Amino acid sequence: MRKRSHRLRAVHAVTAAAVLAVAGCDAAGAGVSGDRDAGAGAAPSASPPLWDTHPDSVAAVGDSITRGFDACMVLTDCPEVSWATGSDAGVDSLAVRLLGVTGAAQRSWNEAVTGSRMADLRGQMSRAVLHRPELVTVMAGANDACRDSTGQMTSVADFRRQFQSAMDALRQALPKTEVYVSSVPNLKRLWSEGRTNALGKQVWKLGICPSMLGDADALDPAATRRRETVQARVVEYNKVLAEVCAKDRRCRFDKNAVFDYEFDTKQLSHWDWFHPSRNGQARLAEIAYRTVTARNP
């Protein structure tokens, strides 16, 4: 009996130990599993998005297009119709779309300079950062291709170095500011559309973008090669803009939307048949707004 009783006590002890062991494992497992489940079920910590689709202030840099040159009267800047920061209701600029009329008047700045090229962009960017904008718009490069001859066009290597330098100036001062970069417009389309107007061709003879628009009616091989050389350079410029912008998580390139836009003479200034009219400025504003506010550009 004692042996049997001893054996029963031993069995009970082993059984109890096993139960406790299993319970202990289950308890520990439940604790770990519970922690994992809690971690999996809990909402992840909200980190701020890299791109704010509605920035609260805008600064613009670039050339005569952003200054609204020849959109209101001949040989005159007209920043109130600028696609980026203008106040004109017919244009409905990017700043007005993002900030409203009052907000745009108080929190948008136009640092673009008529006639400037990419080499000038760093200086403009340095002035823009003084406003501490949440968004900077960039439209530059047309004047780098619009020279007296194709040989005078800015080289692709210099264009890249100058644009990168401007971006570096911004990032050194404002690492979190967003940047919208417009592609360089299609200069060959500008030639093909504008040359249909006799007045436009006469105005071009005054020296507007000679590398592309000079001898507008000439279709000989030399003229064709000249225009193709300019067009190829613009394509290379846009590739540079895309590549430099792609390295910056807070930069958005328009994916050639401006270059690809099929404008006609309604979008051209009837003072020079080169710069955007009010209608053209409005189209640029639309493209910019779509890019800036897209959730997945």
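Residues numbered from 1 in each chain as written. Predicted model: local features only at pLDDT ≥ 70, side-chain atom pairs only at ≥ 80, totals over all residues. Heavy atoms only, no water.

Taken as a whole and judged by the stated rule, the model has three disulfides. In this model, Cys146 is linked to Cys209 through a disulfide, with the two sulfur atoms separated by 2.0 Å. Taking the torsion about the S-S bond as the criterion, the Cys146 to Cys209 disulfide, at about -80 degrees, is left-handed. With Cys146 in the loop between α4 (142-145) and α5 (156-173) and Cys209 in the loop between α7 (198-204) and α8 (210-213), this residue pair connects regions lying 63 residues apart in the sequence. Of the two residues, Cys146 and Cys209, neither departs from the other in class, the shared state being buried. Between Cys245 and Cys251 runs a disulfide, and the two sulfur atoms are separated by 2.0 Å. On the S-S bond that ties Cys245 to Cys251, the torsion sits near -115 degrees, and the link is left-handed. (Disulfide = S-S within 2.5 Å. Helix = DSSP H or I, 4+ residues; strand = E, 2+ residues; numbered from the N terminus. Buried < 20%, exposed > 50% of the residue type's maximum accessible area, 1.4 Å probe, protein only.)

Moving on to the pattern of salt bridges. For the structure shown, the criterion picks out 14 salt bridges. Across the pair Arg107 and Asp56 runs a salt bridge, and its minimum N-O distance is 3.3 Å. In this pair, Arg107 sits in helix α2 (residues 94-107) while Asp56 sits in the loop between α1 (2-41) and β1 (58-62), placing the two residues 51 residues apart along the sequence. Among the residues examined, Asp56 registers a relative accessible area of 37% and is labelled partly exposed. (Salt bridge = Lys/Arg side-chain N within 4 Å of Asp/Glu carboxyl O.)

Turning our eyes to something else, we now look at the confidence of the model for the chain. Taken as a whole, the chain shows an average pLDDT of 88; of its residues, 84% reach a score of 70 or greater. Every residue in residues 1-45 scores below 50 in pLDDT, and together they form two contacts with partners more than four places removed in sequence or on other chains. (pLDDT = per-residue confidence, 0-100. Contact = heavy atoms within 4.5 Å.)

Relative to the elements of secondary structure, Ala142 occurs in helix α4. In the structure, Ala142 is positioned 67 residues away from Cys209 in sequence and 9.1 Å away in space, judged by C-alpha atoms. Discounting residues that sit within four places of it in the chain, Ala142 has contacts with Asp63, Val184 and Leu187.

Looking now at the sheet that holds strand β4 (residues 178-181). The five strands are arranged β2-β1-β3-β4-β5 in an open sheet whose pairing can be described as parallel. Across the chains shown, the open sheet's two edge strands, defined by having one partner strand only, are β2 (108-110) and β5 (251-253). Within the sheet, the average angular offset between the axes of one strand and its neighbour, ignoring direction, is 15 degrees. Relative to strand β3 (residues 135-139), β1 is paired through five bridges, and the arrangement is parallel. Paired with Val58 across the bridge in β3 is Leu135. Relative to β1, helix α3 (residues 121-128) is tilted by about 165 degrees, and along the sheet it contacts β1 and β3. (Pairing = 2+ DSSP bridges. Axes fitted to C-alpha atoms, helices over the stretch in contact; angles between N-to-C directions.)

Of all hydrophobic cores here, the largest spans 47 residues; its most connected members are Val138, Phe163, Val181, Leu187 and Leu213. Among the elements that make up this core, the one with the highest residue count is helix α9 (residues 221-246) (seven residues). Excluding anything up to four places from it in sequence, Val138 contacts Val61, Leu121, Met125, Phe163, Val179, Tyr180, Val181 and Ser182. Core analysis: the second largest hydrophobic core is formed by 18 residues, Val58, Ala60, Trp83 and Leu94 among them. (Core = buried A, V, L, I, M, F, W, Y, C linked by side-chain atoms within 4.5 Å.)

With that settled, consider the packing of α3 against α5. Running from amino to carboxyl end, α3 crosses α5 at an angle of 15 degrees, the nearest separation of the two axes being 8 Å. Classified by the interaxial angle, the pair formed by α3 and α5 is roughly parallel. The way α3 lies across α5 gives a crossing that is right-handed. Along its contact with α3, which presents Leu121, Arg122, Met125 and Ser126, the element α5 presents Phe163, Ser165, Ala166, Asp168, Ala169, Leu170 and Gln172. Taken together, the residues of the contact of α3 with α5 sort by class into six nonpolar, three polar and two charged. (Parallel < 35°, antiparallel > 145°, perpendicular 65-115°, else oblique. Left-handed = near helix turned anticlockwise from the far one by under 90°. Nonpolar A, V, L, I, M, F, W, Y, C, P; charged D, E, K, R; others polar.)

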